[in-house]
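# Notes for the structure review
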Amino acid sequence: MDGSGVTTRLAELRGAGASRDDLMEAAVEGIAAASAKYDWVGIYLLDGDALELQSFRGAPTEHTRIAVGHGVCGTAVAENRDINVPDVRELDNYIACSVGTRSEIVVLIRDADGVVRGQLDLDSDTASAFDDGDERELKVVADWLGSLY
Ligand code: SME
């Protein structure tokens, strides 16, 4: 995944007047298109003490609102860190969006002050799908989105 390729496109759209919601949509679109191993790509935004699903590509999920502290997504916010899970079957607090999911990565979206605004959340049907390169490139996109606040 080439994060700066995605943000270059996002910057073009922003220059053309795209709203923040539009840019979130374009971000998940660009990331999902970047690798066949990204089976589900979403952006959750922090809304009080819960995460609200903003945009996604992949199968629809009933988990559109996740409390901070719950699941991989809520744990990332509660512990203020990105989380890469090689095998979700080994987690006790995992919230399954799809039975086929084997690995998951959450990269936090922070604003210029470092305040967490949300997260990129990716699922893969392949175990250990996400490596340091994925995390680094996803962080490029997450940081760009954070700069919109
Ligand atoms: N697996 C996540 C829930 C979101 S779905 O993956 C789309 C979790 O455990 O928080």
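Residues numbered from 1 in each chain as written. Predicted model: local features only at pLDDT ≥ 70, side-chain atom pairs only at ≥ 80, totals over all residues. Heavy atoms only, no water.

With respect to the helices and strands, the residue E104 is situated in strand 5 (residues 103-110). Among buried Asp, Glu, Lys and Arg side chains, E104 stands out as unpaired, with R102 the closest opposite charge at 11 Å. With residues up to four places along the chain from it excluded, the contact list for E104 reads V72, C73, I83, N84, V85, V88, Y94, D121, L122, D123 and F130. (Helix = DSSP H or I, 4+ residues; strand = E, 2+ residues; numbered from the N terminus. Buried < 20%, exposed > 50% of the residue type's maximum accessible area, 1.4 Å probe, protein only. Lys, Arg positive; Asp, Glu negative; His and termini not counted. Salt bridge = Lys/Arg side-chain N within 4 Å of Asp/Glu carboxyl O. Contact = heavy atoms within 4.5 Å.)

Take helix 1 (residues 3-15) next. Under the 1.5 Å per step criterion, the end-to-end length of helix 1 is 18 Å for 13 residues, consistent within 8% with the ideal 18 Å. Among the residues of helix 1, those classed as buried are G3, V6, T7 and L10. Within helix 1, the buried residues cover an arc of 90° as seen down the axis, which keeps them to one side. Residues of helix 1 that are buried make contact with helix 2 (20-34) and helix 4 (132-146). (Expected span 1.5 Å × (residues − 1). Arc of directions from axis to C-beta.)

Right, let's get into the environment of S128. Counting through the fold element by element, S128 comes out in the loop between strand 6 (116-124) and helix 4. Given a relative accessible area of 52%, S128 falls into the exposed group. Taking the C-alpha atoms as reference, S128 lies 19 Å from D2; in sequence the two are 126 residues apart. Excluding residues within four positions of it along the chain, S128 makes contact with P86 and S103.

Right, let's get into the sheet that holds strand 6. Backbone hydrogen bonds hold the strands of a sheet together, and the pairing may be parallel or antiparallel. One open sheet accounts for six strands, arranged 3-2-1-6-5-4; its pairing is antiparallel. At either margin of the open sheet sits one strand with a lone partner, and together these are strand 3 (65-67) and strand 4 (83-85). Each neighbouring strand pair of the sheet contributes to a mean axis angle of 25°, computed without reference to strand direction. As paired elements, strand 5 and strand 6 share eight bridges and run antiparallel to each other. Opposite V107, over in strand 6, you have L120 as the bridge partner. Against the sheet, helix 2 contacts strand 1 (40-47), strand 2 (50-57) and strand 6, and its axis sits at roughly 60° relative to strand 2. (Pairing = 2+ DSSP bridges. Axes fitted to C-alpha atoms, helices over the stretch in contact; angles between N-to-C directions.)

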